[in-house]
Amino acid sequence: MPERTFELTSAFTVENYATAFTEGYARPLMWSLIGAVMTTAICAVLAWPSAVILHRHAGRWATVVAALIALPIFISESVRLFGMSVFMMPRGGILAGTLNAVFGIQIGSILNTSSAALVGMVYIHLPFMLFPLLLGISLIPMDRIEAAKDLGANRWQVFREVELPLAAPGLTIGALLTFVLCIGANAEAAILGGRSVTVITTAIEQRFSFAQDWPMGAALTVLVIAITAAIVLPVLAKLDLNRLTRR
Amino acid sequence: MSEGRHTAALRTLWIGVILAFLYIPIVSVVLASLANTRYMRFPHRVWSVDAYRDALGSFTTWQLHTISLSIAVSVVIVSTVLGTLGAVAFARYDWRGRRWFQRLLVLPIFFPQPVLGLALLLSFTAVGISPSWKTAVVAHLVWIVPIVTLMISVRFFGYNVAQEEAAYDLGATHFQVVREITLPQIWPGVFSGILFGFLLSWSNLPLSVFTSGPDTPLPVWRFTRTATNYSPLVPSVAVIGTVVSALIVIGAALLLWAYSRVRAPAR
C-alpha cells in the first residue's frame, strides 16, 4: 500500500518489503540482530562458569547464591535500567561521583553509546541464560568427565567432547530465551543507548506514530516476526521437551 | 595444594563480581532516592528522605499504585483461569489441531511488545472503545496469558493420566477428580503462573504506554518523569513500588502456604 494511506480495499503491493531494505531499515534490523546475538554470546560466556561453580563447587551456598541471582528478576526492568543509567552517568553519577570524591579520579562515561545498551542487555538477560544453563550443567554426570580425563583428554577436549554436548539442551533453551527477548527489547537502547542506537522495535514504533506510515510499520513487523520464527522454530523442533522434563 | 586455594578464591571472586553486576543498579536507585536536589550530583551534599515523605504524602503516588494494582489483579485472575484451562488443552489431551494451537499460542510472545501495544490501541479506537486501565488489562492479557499457559503446561508433561482414571474407577465424580487429583498436581505451576502474571503486569511498560489512556500505571509514570521532569521523587517512588509488589507477593505466598497447612490434615 502507498505511504500515508490505510485502506484495506486499496491495491496490494509488496513494495514495502523491498523498500525496507533500500531505505535504511536494514540498519536498525542489524542492530537488533547483532545486539541479540552478542548478548546471547556474552551471557553464555558469563553464565557457563557461574553455572559450573554453582553446581559443583558452591556446596551449601548454591541455593543462597541462586536465590540472590533470581531476586532482581522480580524488580521491574525499568527500575533496574534506571539504576544502571544513574550508576553510569558522567560527573554526578554513582560511579563517577564516588571515584572523584574518594580517589580524585575523573572518568568519562559510556552512557548514551551502543556499549552501554549492550551492557544493559547483558545485565537484564543474564538470569534468563543462567538458570536454563544450570539445568543443562546438572545433566552432566561427573563420572563422564572423570572417565574422559582418565582416557587422557585435556581440559578443552573435556569441555568440547563431553560437557558441551551433554549440557546442550539447557544451553539451547537459555540461548533461545535470551535471543527472543533481545530481538523485542528496546528499553535498554532507549534508556542507556540514548540516540546512538535505534533498534528495530523503536523504528517500527516511529513508523506507526510519528511517520504515520502504517503499511511500512506493518511490513517491518512481519519481517521481524518472520526472522525470529525462522531462527527459533527449527531449533525448537529439535528440542525434546519431554525428555528434559521427565528427568 | 596452593593452586587449589587460588582457584577456590577465584571462583568466589567470579561469583562476587556477577552478583555485584546484578545488584549495583538496584543499590544505585536507592542511593539516588536519598538526595534532595533536582540534579543528580553524587555523593549527595545532604542525605535526606524528603523524597519519600513527599511521595507518601502525595495523592499521585496512591493513584499510581491503585491503577497498577487494579490492572495486575485483574490480569492475574483472568490469566490464571484461562491459562489453567489452556494448559489442559495444550498438554493434557491429544486432539486434532493441538500442534496448531500450541504454535498459535506461542506467537504473541514473539511479537514485539511496543508494536503489539500500538496495534491494540488502533483496534480499540477502531471499535470505538476509549482506552483506560481496563483496555490495558486486555493488552496485558494478550501477552501474559500465553506465558502463564506455558508455565502451567510444564506441569502436565510430568503428569500421570492413569491417576485420573484410577479415581474414576473408584467412583469419583468429575468434580472430585479435578479437585482432588488434577489441581493439586498442577498447583506449583498455577502458583508460579500467578506470581509471574502479577509481576509481569506490574512492571510492564511497552503495552501500558499505548493502551492505558488517561490512567497512568507506575512504569509509565516513571518513564515519562525520567525523560522530562526528573527529581529524586522518581527513584523514591520506584523503591516504594518495588517494596509494595514484594510485600504483595510475599503476603500472597504466606497466605497460600498457611491455607495449604490448614487443609493438609483434612486429607
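A quick note: this is a predicted structure, and the numbers were derived from the prediction, not measured. (Residues numbered from 1 in each chain as written. Chains lettered and ligands numbered in written order. Predicted model: local features only at pLDDT ≥ 70, side-chain atom pairs only at ≥ 80, totals over all residues.)

Describing the overall build of chain B
Right, on to step 1. Within chain B one finds 11 helices and zero strands.
Right, on to step 2. The C-alpha atoms of chain B give 23 Å as radius of gyration, which overshoots the globular expectation for 267 residues (18 Å, by more than 25%).
Right, on to step 3. When the 267 residues of chain B are sorted by exposure, 36% land in the buried category.
Right, on to step 4. Considering only residue pairs separated by 6 or more positions, chain B has 77% of its internal contacts joining residues 24 or more positions apart. (Helix = DSSP H or I, 4+ residues; strand = E, 2+ residues; numbered from the N terminus. Rg over C-alpha atoms; globule rule 2.2 N^0.38 Å. Buried ≥ 20, exposed ≤ 12 C-beta atoms within 10 Å, placed from the backbone. Contact = placed C-beta atoms within 7 Å.)

A word on the overall build of chain A
Right, on to step 1. Secondary structure summary: chain A contains 12 helices and zero strands in total.
Right, on to step 2. N-terminal to C-terminal, the α/β element order of chain A is α-α-α-α-α-α-α-α-α-α-α-α.
Right, on to step 3. Referenced to the eigenvectors of the C-alpha coordinate spread, the extents of chain A come out at roughly 70 × 55 × 30 Å.
Right, on to step 4. For chain A, the proportion of its 247 residues judged to be buried stands at 41%.

Structural notes on the packing of helix 8 (residues 155–184) of chain A against helix 11 (residues 214–238) of chain A
Residue and element names in this part refer to chain A.
Right, on to step 1. Across the interface, helix 8 lies against helix 11 with an axial gap of 11 Å and an inter-helix angle of 175°. As far as their axial angle goes, helix 11 and helix 8 are roughly antiparallel. Residue-level contacts link Thr172, Leu176, Val180 and Ile183 of helix 8 to Val224, Thr228, Val232, Val235 and Leu236 of helix 11.
Right, on to step 2. Here the residues of the contact of helix 8 with helix 11 sort into seven nonpolar, two polar and no charged. (Axes fitted to C-alpha atoms, helices over the stretch in contact; angles between N-to-C directions. Parallel < 35°, antiparallel > 145°, perpendicular 65-115°, else oblique. Nonpolar A, V, L, I, M, F, W, Y, C, P; charged D, E, K, R; others polar.)

Digging into the packing of helix 6 (residues 114–137) of chain A against helix 8 of chain A
Residues and elements named next belong to chain A.
Right, on to step 1. Two numbers describe how helix 6 lies on helix 8: the axes approach to 7 Å, and their chain directions differ by 160°. The angle between the axes of helix 6 and helix 8 places the two elements in the roughly antiparallel class. Taken as a pair, helix 6 and helix 8 cross one another with a handedness that is right-handed. Contact residues: helix 6 offers Met121, His125, Phe128, Met129, Pro132, Leu133, Leu135, Gly136 and Ile137, while helix 8 offers Ala167, Ala168, Pro169, Gly170, Leu171, Ile173, Gly174, Leu177, Thr178, Leu181 and Cys182.
Right, on to step 2. Classifying every residue of the contact of helix 6 with helix 8 by side-chain character gives 15 nonpolar, five polar and no charged. (Left-handed = near helix turned anticlockwise from the far one by under 90°.)

What about the nonpolar core?
Nonpolar side chains tend toward joint burial in soluble globular proteins.
Right, on to step 1. Grouped together as the largest cluster of nonpolar side chains are 120 residues, with contacts concentrated most on A:Ala47, A:Ala51, A:Val86, A:Leu130, A:Leu133, A:Leu220 and B:Val29.
Right, on to step 2. For this core, the element with the most residues is helix 6 of chain A, which contributes 16 residues. (Core = buried A, V, L, I, M, F, W, Y, C linked by C-beta atoms within 7 Å.)

Focus on the confidence of the model for chain B
All names here are of chain B.
Right, on to step 1. Here chain B shows a mean pLDDT of 85. Residues at 70 or above account for 97%.
Right, on to step 2. Of all helices and strands in chain B, the one with the weakest mean pLDDT is helix 4 (residues 98–110) (79), whereas helix 3 (residues 59–92) scores best (91).
Right, on to step 3. The ipTM value of the predicted complex is 0.81, and its pTM value is 0.80. (pLDDT = per-residue confidence, 0-100.)

Let's talk about the interface of chain A and chain B
Right, on to step 1. Every contact between the two is made by 46 residues of chain A and, on the other side, 39 residues of chain B.
Right, on to step 2. Counting only elements with at least two residues in the side of chain A that touches chain B, the list comes to helix 2 (26–57), helix 3 (61–70), helix 4 (77–88), helix 5 (94–102), helix 8, helix 10 (200–208), helix 11 and helix 12 (241–246) of chain A.
Right, on to step 3. At nine residues, the largest contribution of residues to the side of chain A that touches chain B is made by helix 4 of chain A.
Right, on to step 4. A breakdown of the residues in the side of chain A that touches chain B according to their chemical character gives 26 nonpolar, 16 polar and four charged.

Some points on helix 8 (residues 174–202) of chain B
Residue and element names in this part refer to chain B.
Right, on to step 1. The terminal C-alpha atoms of helix 8, which comprises 29 residues, lie only 36 Å apart, well short of the 42 Å expected from a rise of 1.5 Å per residue.
Right, on to step 2. Of all the bends in helix 8, the largest measures some 55° and sits at Trp187, one to four residues before the proline Pro188.
Right, on to step 3. For helix 8, the complete set of buried residues consists of Ile186, Gly189, Gly193, Ile194, Gly197, Phe198, Leu199, Leu200, Ser201 and Trp202. (Expected span 1.5 Å × (residues − 1). Bend = angle between axes of the 7 residues up to and from the residue.)

Remarks on the confidence of the model for chain A
Right, on to step 1. The pLDDT averaged across chain A works out to 81; a share of 90% of its residues lies at or above 70.
Right, on to step 2. No element of chain A has a lower mean pLDDT than helix 12 of chain A, at 49, and none a higher one than helix 2 of chain A, at 90.

Comments concerning unusual backbone geometry
Residue and element names in this part refer to chain A.
Right, on to step 1. One non-glycine residue, Asn112, lies in positive phi territory at about 70°.
Right, on to step 2. Take Asn112: it is sitting in the loop between helix 5 and helix 6.
Right, on to step 3. The exposure class of Asn112 is partly exposed, given the 19 C-beta atoms found within 10 Å.

Here's the deal with the environment of A:Ala96
All names here are of chain A.
Right, on to step 1. Looking at the element boundaries, Ala96 is found in helix 5.
Right, on to step 2. Judged by local crowding, Ala96 falls into the buried class, with 21 C-beta atoms found within 10 Å.
Right, on to step 3. For the pair Ala96 and Gly24, spaced 72 residues apart in sequence, the C-alpha to C-alpha distance is 36 Å.
Right, on to step 4. Apart from the residues within four sequence positions on either side, Ala96 is in contact with Met89, Pro90, Arg91, Ile107 and Ser109.

Re the environment of B:Gly86
Residue and element names in this part refer to chain B.
Right, on to step 1. You can see Gly86 is positioned in helix 3.
Right, on to step 2. With 20 C-beta atoms counted inside 10 Å, the residue Gly86 sits in the buried group.
Right, on to step 3. Sequence spacing of Gly86 and Ser153 is 67 residues, and the spatial spacing of their C-alpha atoms is 8.3 Å.
Right, on to step 4. The contact partners of Gly86, leaving out residues within four places of it in the chain, are Leu105 and Thr149.

Here's the deal with the environment of A:Ser138
Right, on to step 1. With respect to the element layout, A:Ser138 can be found in the loop between helix 6 and helix 7 (142–150).
Right, on to step 2. Separated by 56 residues in the primary sequence, A:Ser138 and A:Gly194 have C-alpha atoms spaced 40 Å apart.

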